[in-house]
Amino acid sequence: MSIELKKITDYEKLIIEKAACDYEYIMKHWRENDSDFQKVFYDFYIKARSPWMGGKKNVDACFDALKKYSEEKDIKRNIETIIGALKKNGNKNNEFSIASKIIHTIDDSAPIYDGKICKYLTKEGNVHLKWHNASGEKRNIDLIEADWEALCNWYKQFEDEDIRKPWIECFDGNFAGHKNI
């Protein structure tokens, strides 16, 4: 998994800097779950998915799910609870990406699952993810659970084998003000 440092443009650095600030804000203020937090969370995590989520009532369901999230580590149950809250409001998609982001907001040791990560892990990380490649009714909780396990295993390997060191050095070198994330 190589990092091509020379390919990060000044514009991309600007985008990453803004994202790092938003992420830090989210992680600091999630317990408040007030309108300022919700605006930052929405812009950072949900805005791009909003057209597929069925509108504001499902966005509100995300914040309700954030309030109801169980502190226990039963990921399958928590993902089912979050997806269930979204479906209750008419969302027909299994929003695994949004569920993982809600879980990560509360437990920053939990990995995030989204299309960009899936694309990278499939290509560079040699990880076979099932849910991302399925469609419709085949996108079920069993595939989510299998992909969650694959993602957690990859992340543990990433940490254990110290593959992360060049990534951290790259990030810290370019974004010194955000070394704490």
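What counts, and at which threshold
- Residues numbered from 1 in each chain as written.
- Predicted model: local features only at pLDDT ≥ 70, side-chain atom pairs only at ≥ 80, totals over all residues.
- Heavy atoms only, no water.
- Helix = DSSP H or I, 4+ residues; strand = E, 2+ residues; numbered from the N terminus.
- Buried < 20%, exposed > 50% of the residue type's maximum accessible area, 1.4 Å probe, protein only.
- Contact = heavy atoms within 4.5 Å.
- Phe/Tyr/Trp six-rings, centres within 6.5 Å; stacked < 30°, edge-to-face > 60°.

(A) Structural context of the overall build of the chain. Helix and strand counts for the chain come out as 9 helices and 0 strands. Counting helices and strands in the order they occur from the N terminus, the chain gives α-α-α-α-α-α-α-α-α. For the chain, buried positions account for 38% of its 181 residues. Excluding contacts between residues fewer than 6 apart, the proportion of contacts in the chain whose partners are at least 24 apart in sequence is 58%.

(B) Highlighting the packing of aromatic side chains. Under the criterion given, the structure shown has 11 aromatic pairs. Ring plane angle 35° and centroid distance 4.0 Å describe the contact between F96 and Y113, whose orientation is recorded as tilted. You can see F96 sitting in helix α6 (residues 96-106) and its partner Y113 sitting in the loop between α6 and α7 (115-123), a full 17 residues away along the chain. On the numbers, 6.3 Å between centres and 70° between planes, the contact of F158 with W167 is edge-to-face. For F158, a relative accessible area of 13% corresponds to the buried category. Feature note: the residues Y23, F37, F41, F44 and Y45 constitute an aromatic cluster, connected by ring pairs.

(C) Here's a closer look at the environment of H29. Position of H29 relative to the elements: it lies in helix α1 (residues 10-29). Between the alpha carbons of H29 and T105 there is a distance of 9.7 Å; along the sequence they are 76 residues apart.

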